[in-house]
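An overview of the molecular structure
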Amino acid sequence: MTPAVAAADVFDGGRLGGASSQLVPQGSSTSGNELPETSEPVDLERYQGTWYQVAAVPQPFSLQCAHDTKAEYKVIGDTKISVKNSCGTLVGPDSSIEGTASVRSDASLRVNFSGIPYQDPNGPVNYRVTYLDSDYSLAIVGDPQRRSGFVLSRTPNLDANKWSQVREIVEQRGWWSCSFLTVPMAKGRGEVVPLCTQ
């Protein structure tokens, strides 16, 4: 075991954390069942690239993230992708963290980040795609127990109809939509509001 890690190191990085979602208490879910996978297998080649996190259930490891949160994925093997999460902060430089994700099923992965303590690379799934647009323009993901939840878009701006669709899907998947907060984006919406108000 390495020496104690500074709090800044533990909380560094974007919102799509690895095992850190295990630190989040229950309460954002309205369903006792496990979060379902999307109906179609995820094509990693199409899924890779940049995703803007336009809304999320707040996580303790992302408290420094104030705006422009995004994830960049790249296929690095048949069942593995690289992950880079980044976000803008209120003070200081942007925050970022890198890791890898291993495929566990058609739409579930195990994400681990370098330098974050208490992670088990062989641990349970902590990233499940529960909704994916057919054109891969919008995805909704979370851990199986719904302690985390993220709305990912290929563009930083969603129109009113799309926000309404996102809220409906989030609720259908068993989350409490008020637990999701929008993420300010330079080329998207500029305020933080609960998804349930959309």
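Residues numbered from 1 in each chain as written. Predicted model: local features only at pLDDT ≥ 70, side-chain atom pairs only at ≥ 80, totals over all residues. Heavy atoms only, no water.

In the nomenclature of an unreviewed UniProt entry, the protein chain is known as Lipocalin/cytosolic fatty-acid binding domain-containing protein of Corynebacterium casei LMG S-19264. UniProt, in its Sequence similarities (unreviewed entry) section for the protein chain, records the words "Belongs to the calycin superfamily. Lipocalin family." (UniProt positions renumbered as here; feature names shortened; annotations may be inferred.)

Focus: helix H3 (residues 160-172)
Helix length check: H3 (13 residues) gives 18 Å between terminal C-alpha atoms against 18 Å at 1.5 Å per residue, within 8%. Of the positions making up H3, those classed as buried are Trp163, Val166, Ile169 and Val170. End-on, the buried residues of H3 take up no more than an arc of 125°, which puts them together on one face. Exposed residues on H3 whose side chains face more than 90 degrees from its buried face are Ala160, Asn161 and Gln172. Looking at where H3 begins, the residue whose side-chain oxygen comes 3.2 Å from the main-chain nitrogen of Asn161 is Asp159. Downstream of H3 by one or two residues, Gly174 has phi in the positive range, about 95°. (Helix = DSSP H or I, 4+ residues; strand = E, 2+ residues; numbered from the N terminus. Expected span 1.5 Å × (residues − 1). Buried < 20%, exposed > 50% of the residue type's maximum accessible area, 1.4 Å probe, protein only. Arc of directions from axis to C-beta. Polar contact = N/O pair within 3.5 Å; in protein donor to acceptor, adjacent residues only side chain to side chain.)

A look at the nonpolar core
Membership of the largest hydrophobic core comes to 25 residues, with the highest contact counts inside it found for Tyr47, Tyr73, Ile81, Tyr127, Val129, Leu132 and Leu152. Ranked by size, the runner-up nonpolar core spans 16 residues in total, among them Val54, Ile140, Ile169 and Phe180. (Core = buried A, V, L, I, M, F, W, Y, C linked by side-chain atoms within 4.5 Å.)

Re the pairing of strand E8 (residues 149-153)
Consecutive side chains along a regular strand alternate between the two faces of the sheet. Among the 5 residues of E8, 5 are classified as buried, and the element is accordingly described as predominantly covered. Side chains Gly149, Val151 and Ser153 project from E8 onto one buried face, and the interleaved Phe150 and Leu152 project onto a second face that is buried too. As judged from the 4 bridges shared by strand E1 (residues 49-56) and E8, these two strands associate in the antiparallel manner. Paired with Ala55 across the strands is Val151, a residue of E8. Relative to E8, strand E7 (residues 138-142) runs antiparallel, the two sharing 5 bridges. In the strand pairing of E8, Gly142 is matched with Gly149. (Pairing = 2+ DSSP bridges.)

Regarding unusual backbone geometry
Of note, the phi angle at Tyr136 is positive, near 60°, even though the residue is not glycine. Residue position: Tyr136 is located in the loop between strand E6 (127-132) and E7. At Arg146, a residue that is not glycine, the phi angle is positive and equals roughly 65°. Among the structural elements, Arg146 can be located in the loop between E7 and E8. According to the relative accessible area criterion, Arg146 is buried, its value standing at 3%.

Things to note about the state of the cysteines
Per the counting criterion, the structure on display carries 2 disulfides. With a sulfur-sulfur separation of 2.0 Å, Cys178 is cross-linked through a disulfide to Cys196. Between Cys178 and Cys196, the S-S dihedral sits near 105°, and the bridge is therefore right-handed. Of this pair, Cys178 sits in the loop between H3 and strand E9 (181-182) while Cys196 is found in the segment after E9, placing the two residues 18 residues apart along the sequence. A relative accessible area of 25% places Cys178 in the partly exposed class. Sequence-ordered numbering of the bonded cysteines in the protein chain gives a disulfide pattern of 1-2, 3-4. (Disulfide = S-S within 2.5 Å.)

Focus on the packing of aromatic side chains
As enumerated under the stated definition, the model contains 4 aromatic pairs in all. Ring geometry for Tyr47 and Trp51: centres 5.2 Å apart, planes at 40°, overall tilted. Trp51 shares its class with Tyr47; the two are buried. For the ring pair Tyr47 and Tyr73, a centre distance of 5.7 Å and an interplane angle of 10° mean the geometry is stacked. Residue Tyr47 is located in helix H2 (residues 44-47), and its partner Tyr73 is located in strand E2 (residues 67-77); the two are separated by 26 residues in the primary sequence. Look at Tyr47 and you get buried, because its relative accessible area is 3%. The exposure class assigned to Tyr73 is buried, which follows from its relative accessible area of 6%. Following the ring pairs from residue to residue traces out a cluster consisting of Tyr47, Trp51, Tyr73 and Tyr127. Sitting over the ring of Trp51, Arg154 keeps its end group 3.8 Å from the ring centre. The residue whose ring lies beneath Arg189 is Trp163, and the NZ or CZ to ring-centre distance is 5.2 Å. (Phe/Tyr/Trp six-rings, centres within 6.5 Å; stacked < 30°, edge-to-face > 60°. Lys NZ or Arg CZ within 6 Å of the ring centre and 35° of its normal.)

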